[in-house]
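# Commentary on secondary and tertiary structure
Listed below, chain by chain, are the residues.
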Amino acid sequence: MFIINVNGKDYQSEIDMALMDFLREKVGITSVKNGCKEGACGTCTVIIDGKTTRACIQKLSRLGKKKIQTIEGFTEREREVLVYAFAAAGAVQCGFCIPGMVISGKCLINQNQNPTREDVKQAIRTNICRCTGYAKIEDGILLAAKMLRENLEVPELKQTGKIGERTCRVDASKKTLGTAKYADDYSFDGMLYGKNLFSKYARAKILDIDISKALEMPGVVAIYTAKDIPGKRYIGHLAQDWPGMIDIGEQTKCCGDTLAMVVAKTREEAMAAVKVVEVEYKELEPIHNPQEAAALGAHQVHGEGFNQFGKFRIPQNNLLDHEEVKRGDSKTALANSRFLVEGTFHLPPTEHAFMEPETAIGLPDGDGVRVITGGQGIYDEYHEISNYLGIPLEKVRIESAVVGGGFGGKEDMSVQHQAALCAYLIKRPVKVFLSRQESINYHPKRHAMEIYCKIGCDENGILQGMKARLTSDTGAYASLGGPVLQRACTHAGGPYNYQNVDIEGNAYYTNNPPAGAFRGFGVTQSCAAVECLINQLAEKAGLSGWEFRYRNAIRPGQSLPNGQIADEGTAMVETLESVKEIFKKYEADPNYHVGIACAMKNAGVGVGVPDTGRCNLKIVHGKVHARSSAGAIGQGVQTVLLQVICETTGLTPDQIVVEHPDTKYTPDSGTTTASRQTVFAGEAAHQSSLKLKADLDNGYTLRNLENKEYIGKFDFISDPIGSSKPNPVSHIGYGYATQLFIIDKEGKVVKVVAAHDIGRVINPLSSEGQVEGGVAMALGYALTEDFQLKDGIPKAKLGTLGIFKAPQMPPVVVNLIEKNNTEAAFGAKGIGEIVVVMGAPACQNAYYKKDGIFRYSYPLRDTYYRTPKQEKL
Ligand code: FES
Ligand code: FES
């Protein structure tokens, strides 16, 4: 028997277990989050006898009479101060790391009432945040320290919610206190736990699966295999090529393949039983990379022909997709160029490392199923689960919990369909969860690519033409590999004014973990190659990287390399102008090296694909309930909707409730992808708000509009790839940006300047947070994140991925440039993706200036952050 003192109260446990599990599951304190259970992320941080400790690596048996404190044990005053400070500082995005940050910050303040920023960085050095870039969390802790130290009153938040205001996030309070409910925080009477049995090998033939011993294990309620799936076994966003489970006699295609689902009364029992399922494998040589995949006579990853469902077409030569963007006469343009550069770049896969690992709960719902999910698009899951279970759509309901980050990695289903299956078959609630390592092994990554590129300019540094060949590793399943490759190709020309491009790309299936959407959506890769060459070409032409870009930057009325005419709101030049002086200053200073890169990134799906945003308003109990399925994955779309409604109607934030996505109530607004929800759901909210405003202007009040619903919808029609129009409109708009990465003599990044054209800035606080977080991610991509595979199996753990932590983060200066004349969503362009796109080549440029070594692969070799010795590990 263990007696554990938590927040001044004693609790008992008969058995020894991890403190985190005890707090979450026995005491019901879910502010302590499970981000890894490996001691690597800090989301489970608690205070033990005055010191911060990670609760997941503390056993009850080692605690003795120590006193545990969580956020729930803070005084009311402390909680109010922390909520205010974190909300006002804009410290909260997805929120999953935030309770751990609050604990680390508060523990610091207990010991040092007047901490410096450096003290704060050290205090949170073991807490990972994948969203914010840490600066605003540090601001929140510093503000809380000041308020507590000087005994300041918590100011009343008087916010109008109008566009342009630094409106606090609608969910800041709950996320700060840890009361926001993520999928794993839900619990239901009689709930069971479902666990996947994953393949041991990337490629193996499954000769047998024997569940008999596992069925005898304590607590086991059921074990399901492929034959138990009542509907269509193959899932997948665009191509249904991904089997929910692999059957006996079939081959696995990656280590994330599920062979069986074990359902038991407890988590531990489910995990124990998974180990007892006996699988007879015939291990086979996997396809490691696109070169092997494309070789004559190569094993065909999808060559078995088992898939008889859906839209999936068995690929030839492992080729998932081929893309082309051709305009003008690149061959002649390059032949006539005064200066030429070319090179082949190697871009690695990247793990999203969202802080919340995948969890979903399936619940019986009459003769159908309800699923609580943490995904990015509830309507995709709605359709896919209906197919998987073979039941009509009206028998499926998908409800979004708070989502602890996604960045594209939660666009594909992971555990949702398995939770639905188990609950549907057993008729009891079933929670299916992935461990951190399973999450790393399972979900689609940023595509590894090899990019060859040749670019030419004239004697004045004016771009003439480019040729590019992209080869992409889409791993075992298509996911969004086709559109990602397409976007890499359509953006390879960059934000410049030239017309001769010859770009081709191929994406191949391999036996690596699947690759799919990840912030930047292919543009991160093509930019990481092309912008390095732009700097090299500038050097050849005798121009600075800034001057070369300024001469070539796309201006309103000119055509982008992909043919779209830049609209009047195009502010590429203004982003360059805003960094001109600082670029010149650091270029002239021998103590520093400044790297520069530019980017453009589309908003919206575009390229002829139907794209619709929806947001309805319903008056419930005298308040306006905003209903949209736009996935709130930490980027702040709920606050955007609130601000659009406040701006349009004149109502105030306290009169508005933004609901969570739920197929029962909220209309389909498409997936949260392609930086689209601010524009598409935002404009839909504008449309419904205009109707509400008309009623308010006619003298109605919210009270006498009770139950009235206002429908808001926004469509944008774009031109498909290959359109015969001379200047097709591929996307509703593009954001543009210039970033400078400044390193010192040692090679340490000491400052980043990020100038972004994002159209109308709906919320400066959120927009700055997006930029800062994107820069942190770009620094990891450029310098430290190394996602190595051996025979298709990831070698990385969360703790060794190389994610930037607070003490490593340089200050980020954010310049937001407003210039837009489009009407949708008040002229907003979306910012979620572009922020991460150009950091890597800007870093490459800075190191080239430092040591003269032109690096062709990432993470960059031999830097302050990765020595040659580390590279060999
Ligand atoms: S859950 Fe404890 S450190 Fe990650
Ligand atoms: S807000 Fe820190 S991980 Fe999302």
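This text goes with the structure placed above it.
Since this is a predicted model, take the numbers as computed values, not measurements. (Residues numbered from 1 in each chain as written. Chains lettered and ligands numbered in written order. Predicted model: local features only at pLDDT ≥ 70, side-chain atom pairs only at ≥ 80, totals over all residues. Heavy atoms only, no water.)

## Points about the overall build of the protein
When helices and strands are counted, the protein shows 22 helices and 33 strands. Based on the C-alpha atoms only, the size of the protein along its principal axes is roughly 80 × 70 × 65 Å. Every one of the 873 residues in the protein was classed for burial, and the buried ones make up 65%. The contacts in the protein between residues at least 6 apart in sequence include a share of 79% that link residues at least 24 apart. Carbon and sulfur atoms form 49% of the exposed surface of the protein, whose accessible area is close to 30,400 Å². Distance between charge centroids for the protein: 3 Å, based on 100 positive and 100 negative side chains. (Helix = DSSP H or I, 4+ residues; strand = E, 2+ residues; numbered from the N terminus. Buried < 20%, exposed > 50% of the residue type's maximum accessible area, 1.4 Å probe, protein only. Contact = heavy atoms within 4.5 Å. Areas by Shrake-Rupley, 256 points an atom, 1.4 Å probe, with all protein chains shown as cover. Lys, Arg positive; Asp, Glu negative; His and termini not counted. Charge placed at Lys NZ, Arg CZ, Asp CG, Glu CD.)

## Brief notes about unusual backbone geometry
In this chain, Tyr 858 is followed by Pro 859 through a cis amide linkage whose omega measures -10°. By the element assignment, Pro 859 lies in the loop between helix H21 (839–851) and helix H22 (868–872). A positive phi angle, close to 50°, is found at Asn 7, a residue other than glycine. In this fold, Asn 7 is placed in the loop between strand E1 (2–6) and strand E2 (9–13). Of note, the phi angle at Tyr 134 is positive, near 75°, even though the residue is not glycine. Inspection of the secondary structure puts Tyr 134 in the loop between helix H4 (117–123) and helix H5 (135–149). Take Tyr 134: its relative accessible area is 0%, and that puts it in the buried class.

## Details of empty space enclosed by the protein
Gaps between atoms show up when a probe of the same size as a water molecule is rolled over them. Applying the stated criterion across every chain yields a total of 13 cavities of 30 Å³ or more. Its volume calculated, the second largest cavity comes out at about 100 Å³. Lining the second largest cavity are 18 residues, and of these Asp 171, Lys 175, Ala 632, Ile 633 and Gln 638 lie nearest its centre. Examining the composition of the lining of the second largest cavity, we find that three residues originate from one element, helix H18 (residues 637–649), more than from any other. Considering only residue class, the lining of the second largest cavity consists of eight nonpolar, seven polar and three charged. (1 Å grid on protein atoms, 1.4 Å probe; cavity = no way out; pocket = protein on both sides within 12 Å on 5 of 7 lines; lining within 4 Å. Points joined across faces, edges and corners; volume = space filled by probe spheres on them. Nonpolar A, V, L, I, M, F, W, Y, C, P; charged D, E, K, R; others polar.)

## Here we look at the pattern of salt bridges
Side-chain pairs of opposite charge can arise whenever the charged atoms involved come near each other. In total, this model carries 49 salt bridges according to the counting rule given. Note that Glu 150 and Lys 146 form a salt bridge whose closest N and O atoms lie 3.3 Å from each other. By relative accessible area, Glu 150 is classed as partly exposed at 39%. Residue classification places Lys 146 among the partly exposed positions, given a relative accessible area of 35%. (Salt bridge = Lys/Arg side-chain N within 4 Å of Asp/Glu carboxyl O.)

## Comments concerning the nonpolar core
Ranked by internal contacts, the top residues of the largest apolar core, which has 163 residues, are Phe 86, Ile 137, Ile 455, Leu 783 and Leu 798. Ignoring any residue separated from it by four or fewer positions in sequence, one finds Ile 137 in contact with Phe 86, Ala 91, Cys 97, Ile 98, Met 101, Ile 124, Cys 129 and Thr 132. In terms of nonpolar packing, the next biggest core, distinct from the first, is built from 65 residues, Ala 183, Ile 206, Val 274 and Leu 389 among them. (Core = buried A, V, L, I, M, F, W, Y, C linked by side-chain atoms within 4.5 Å.)

## What to know about the packing of helix H2 (residues 76–89) against H5
At a closest axis distance of 8 Å, the pairing of H2 and H5 adopts a crossing angle of 140°. Taken as axis vectors, H2 and H5 run oblique relative to one another. In this structure, H2 meets H5 at a crossing whose hand is right-handed. Contacts between H2 and H5 involve Arg 77, Glu 78, Val 81, Leu 82, Tyr 84, Ala 85, Phe 86, Ala 88 and Ala 89 on the former and, on the latter, Lys 136, Ile 137, Asp 139, Gly 140, Ile 141, Leu 143, Ala 144, Met 147 and Leu 148. By residue class, the composition of the contact of H2 with H5 is 13 nonpolar, one polar and four charged. (Axes fitted to C-alpha atoms, helices over the stretch in contact; angles between N-to-C directions. Parallel < 35°, antiparallel > 145°, perpendicular 65-115°, else oblique. Left-handed = near helix turned anticlockwise from the far one by under 90°.)

## Topic: the environment of Ser 330
Mapped onto the elements, Ser 330 comes out in helix H10 (residues 330–335). Taking C-alpha positions, Ser 330 is 5.2 Å from Gly 465, a pair spaced 135 residues apart along the chain. Beyond its immediate sequence surroundings of up to four residues, Ser 330 is in contact with Met 466, Lys 467, Asn 500, Val 501 and Asp 502.

## Some details on the packing of aromatic side chains
Considering all chains together, one arrives at 19 aromatic pairs under this definition. On the numbers, 6.5 Å between centres and 50° between planes, the contact of Tyr 734 with Tyr 736 is tilted. For the residue pair Tyr 734 and Tyr 736, the accessibility class agrees, reading buried in each case. When the ring of Phe 804 is compared with that of Tyr 865, the centres are 5.5 Å apart and the planes differ by 40°; the resulting orientation is tilted. With Phe 804 in the loop between strand E32 (793–794) and strand E33 (812–817) and Tyr 865 in the loop between H21 and H22, this residue pair connects regions lying 61 residues apart in the sequence. Judged by relative accessible area, Phe 804 falls into the buried class, the value being 2%. (Phe/Tyr/Trp six-rings, centres within 6.5 Å; stacked < 30°, edge-to-face > 60°.)

## A word on the sheet that holds strand E11 (residues 258–264)
Hydrogen bonds between backbone groups are what pair the strands of a sheet, and the pairing can be parallel or antiparallel. With respect to topology, seven strands assemble into an open sheet ordered E8-E11-E6-E18-E15-E16-E17, the strand pairing being mixed. Strands with a single pairing partner mark the edges of an open sheet, and in this sheet they are strand E8 (220–224) and strand E17 (396–400). Across the sheet, the mean angle from the axis of one strand to that of its neighbour is 20°, orientation sign disregarded. Across six bridges, strand E6 (residues 192–198) lies against E11 in antiparallel orientation. Counterpart to Tyr 193 in the pairing with E11 is Ala 264. Seen against the sheet, helix H11 (residues 378–389) touches strand E16 (368–373) and E17 and runs at an angle of roughly 145° to E17. Sheet contacts for helix H12 (residues 416–426): E6, E8, E11, strand E15 (359–365), E16 and strand E18 (430–433); angle to E15, the most-contacted strand, approximately 30°. (Pairing = 2+ DSSP bridges.)

## A closer look at the sheet that holds E2
In space, the five strands of this open sheet follow the order E2-E1-E5-E3-E4, with mixed pairing throughout. Each edge of the open sheet is held by one strand with a lone partner, namely E2 and strand E4 (51–54). Direction aside, the axes of adjacent strands within the sheet are offset by 40° on average. Across the sheet, helix H3 (residues 98–111) is in contact with strand E3 (45–48), E4 and strand E5 (67–69); its angle to E3 comes to roughly 30°.

## Quick word on the side chain of Gln 376
By the secondary structure assignment, Gln 376 is in the loop between E16 and H11. One polar contact links the side chain of Gln 376 to the main-chain amide nitrogen of Gly 409, over a distance of 3.5 Å. (Polar contact = N/O pair within 3.5 Å; in protein donor to acceptor, adjacent residues only side chain to side chain.)

## What to know about the side chain of Glu 659
Summarising the element assignment, Glu 659 is placed in the loop between strand E26 (656–658) and helix H19 (677–697). We classify Glu 659 as buried; its relative accessible area is 16%. Within the structure, the side chain of Glu 659 is placed 2.7 Å from the side chain of His 625, a separation counted as a polar contact. In this structure the side chain of Glu 659 is engaged in a polar contact, spanning 2.9 Å, whose partner is the side chain of Arg 627. When sequence neighbours within four positions are dropped, the list of residues in contact with Glu 659 reads His 625, Ala 626, Arg 627, Gln 638 and Tyr 665.

## Considerations on the packing of helix H16 (residues 545–552) against helix H17 (residues 572–588)
Think of two packed helices as two axes; the pair is described by the angle between the axes and how far apart they sit. Remark: H16 packs on H17, axes separated minimally by 10 Å, with the N-to-C direction vectors making an angle of 160°. What the angle tells us is that H16 and H17 run roughly antiparallel. For H16 against H17, the interelement crossing comes out left-handed. Within the contact between the two elements, H16 uses Gly 545, Trp 546, Arg 549 and Tyr 550 and H17 uses Val 573, Leu 576, Glu 577, Val 579, Lys 580 and Phe 583. Considered class by class, the residues forming the contact of H16 with H17 number six nonpolar, one polar and three charged.

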